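Descriptive structure summary
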Amino acid sequence: SSSRDEALRDKRAQILSRGLPKQKPIAGVKQVVVLASGKGGVGKSTTAVNVALALAANDSTKEVGLLDADIYGPSIPKMMNLKGNPELTPKNLMRPLKNYGIACMSMGFLIEETAPVVWRGLMVMSAVEKLLRQVDWGQLDYLVIDMPPGTGDVQLSVSQNIPIAGAVIISTPQDVALLDARKGAEMFRKVHVPVLGLVQNMSVFQCPKCKHETHIFGADGVRDLAKTLGLDILGDIPLHVNIRETCDSGQPVVISQPQSDA
């Protein structure tokens, strides 16, 4: 029976290897970095926006793009202060909208701001495919992809369809968020996407009056998880009103307050 089990395993491996799509690079894009989280509401989109702006600010010779892969809850248009529909090129490709030197593409440019996307999985996958393949990115050094929360269809499809240089996992130090962050990291490992490291977000709140520091969501949860997984901590971001306000107003903190601690 052990030989039968082995035969079954081999057969399953063959079927799986046949079923996986071939990875095909996005035209004009050199490196793809995905920012992901297991749980929603941990500041992933805010971090993705500021990472894209920081990559551009760090080296003015680099061209950076930002893709909002969250079909149900696109927030990049608001955070990057962009509105309108993409123009089409003669080849029928969508031209990204641009602000602060970053080329951006999002489902939010294709639907009304208040309209809900009430779609089943297949339609969502079709939309993701269009955002990946039917956009004229020009020549980009980096494309930052803001993934939706979780480890579902979109994450798998993106990971299996395009070569990804690395994934960054965002989490708050709270136990409930860490459980899902761990699942996110393990998912990327399973699909052979290198995890570049973790970002601990909303790690500490400093009272603006007395400067007392409070760890609202816990102190070092993400650091402990990084040690367990053998990964680096890439950043430790405080819970600060400026970070939230600047993104809500479409002037992210990296652009509007580059010299601030945040």
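If you're wondering where the values come from, they're calculated on a predicted model, not measured in any experiment.

Another aspect to go through is the packing of helix α4 (residues 121-133) against helix α5 (residues 153-161). Axis separation between α4 and α5 bottoms out at 10 Å; the angle between their running directions is 35°. The handedness of the crossing between α4 and α5 is right-handed. In this structure, α4 uses Val124, Met125, Val128, Glu129, Leu132 and Arg133 to contact α5, whose residues at the interface are Asp153, Val154, Ser157, Val158 and Asn161. Of the residues belonging to the contact of α4 with α5, the class tally is six nonpolar, two polar and three charged.

Right, let's get into the side chain of aspartate 141. Tracing the backbone shows aspartate 141 in strand β5 (residues 140-146). Judged by its relative accessible area of 13%, aspartate 141 is buried. A distance of 3.3 Å separates the side chain of aspartate 141 from the side chain of lysine 30, its partner in a polar contact. There is a polar contact of 2.7 Å between the side chain of aspartate 141 and the backbone nitrogen of glutamate 63. In this structure, aspartate 141 is in contact with Lys30, Gln31, Thr61, Lys62 and Glu63, ignoring residues within four places of it in sequence.

Of note in this structure, tyrosine 100 is not a glycine but carries a positive phi near 55°. Position of tyrosine 100 relative to the elements: it lies in the loop between β3 (97-99) and β4 (102-106). On the accessibility criterion, tyrosine 100 (27% relative accessible area) is partly exposed. We note that lysine 211 has phi near 65°; this positive angle belongs to a residue other than glycine. Inspection of the secondary structure assignment puts lysine 211 in the loop between β8 (205-206) and β9 (213-214).

With that settled, consider empty space enclosed by the protein. Empty space among the atoms can be located by rolling a probe the size of a water molecule over them. By the definition in use, this model includes one cavity of 30 Å³ or more. In this structure, the largest cavity occupies an estimated 40 Å³ of space. Lining the largest cavity, in full, are Leu67, Ala69, Ile71, Val128, Leu131, Leu132, Ile145 and Val158. Looking at side-chain class alone, the lining of the largest cavity contains eight nonpolar, no polar and no charged residues.

Take the sheet that holds β4 next. The eight strands are arranged β3-β4-β2-β5-β1-β6-β7-β10 in an open sheet whose pairing can be described as mixed. The open sheet terminates on both sides in strands that have one partner only, identified here as β3 and β10 (233-236). Across the sheet, the mean angle separating the axes of adjacent strands is 25° when strand polarity is ignored. On the sheet, helix α2 (residues 44-58) packs against β1 (29-36), β2 (64-68), β4, β5, β6 (166-171) and β7 (195-200) and is oriented at approximately 170° with respect to β5. Contacts from helix α7 (residues 221-229) reach β6, β7 and β10 within the one sheet, and its direction differs from that of β7 by about 160°.

Attention now goes to the environment of proline 148. Structurally, proline 148 is set in the loop between β5 and α5. On the basis of relative accessibility, which here comes to 10%, the residue proline 148 falls in the buried class. For proline 148, the residues in contact, after removing those within four places along its chain, are Ser37, Lys44, Ala69, Asp70, Val154 and Gln155.

Moving on, we come to the side chain of aspartate 68. Take aspartate 68: it is sitting in strand β2. At 3.2 Å, the side chain of aspartate 68 forms a polar contact with the backbone nitrogen of aspartate 70. Here the side chain of aspartate 68 touches serine 106 through a polar contact of 3.1 Å, side chain to side chain. Leaving out residues up to four positions away in the same chain, aspartate 68 has contacts with Pro74, Ser75, Ile76, Pro77, Met105, Ser106, Met107, Leu131 and Asp146.

In this section: the pairing of β7. With five of its six residues buried, β7 lies for the most part within the structure. In this sheet, β7 lies alongside β6 in parallel orientation, the contact comprising five bridges. Note that in β7 the partner of alanine 167 across the bridge is valine 195. Read as a crossover between parallel neighbours, the route from β6 over helix α6 (residues 175-190) to β7 is right-handed. As paired strands, β7 and β10 are joined by three bridges and run parallel to one another. Paired with valine 199 across the bridge in β10 is glycine 235.

Reading the values: the criteria
- Residues numbered from 1 in each chain as written.
- Predicted model: local features only at pLDDT ≥ 70, side-chain atom pairs only at ≥ 80, totals over all residues.
- Heavy atoms only, no water.
- Axes fitted to C-alpha atoms, helices over the stretch in contact; angles between N-to-C directions.
- Helix = DSSP H or I, 4+ residues; strand = E, 2+ residues; numbered from the N terminus.
- Left-handed = near helix turned anticlockwise from the far one by under 90°.
- Contact = heavy atoms within 4.5 Å.
- Nonpolar A, V, L, I, M, F, W, Y, C, P; charged D, E, K, R; others polar.
- Buried < 20%, exposed > 50% of the residue type's maximum accessible area, 1.4 Å probe, protein only.
- Polar contact = N/O pair within 3.5 Å; in protein donor to acceptor, adjacent residues only side chain to side chain.
- 1 Å grid on protein atoms, 1.4 Å probe; cavity = no way out; pocket = protein on both sides within 12 Å on 5 of 7 lines; lining within 4 Å.
- Points joined across faces, edges and corners; volume = space filled by probe spheres on them.
- Pairing = 2+ DSSP bridges.
- Right-handed = clockwise from strand over helix to strand, strands pointing away.

Read these as spatial facts, not as claims about activity.
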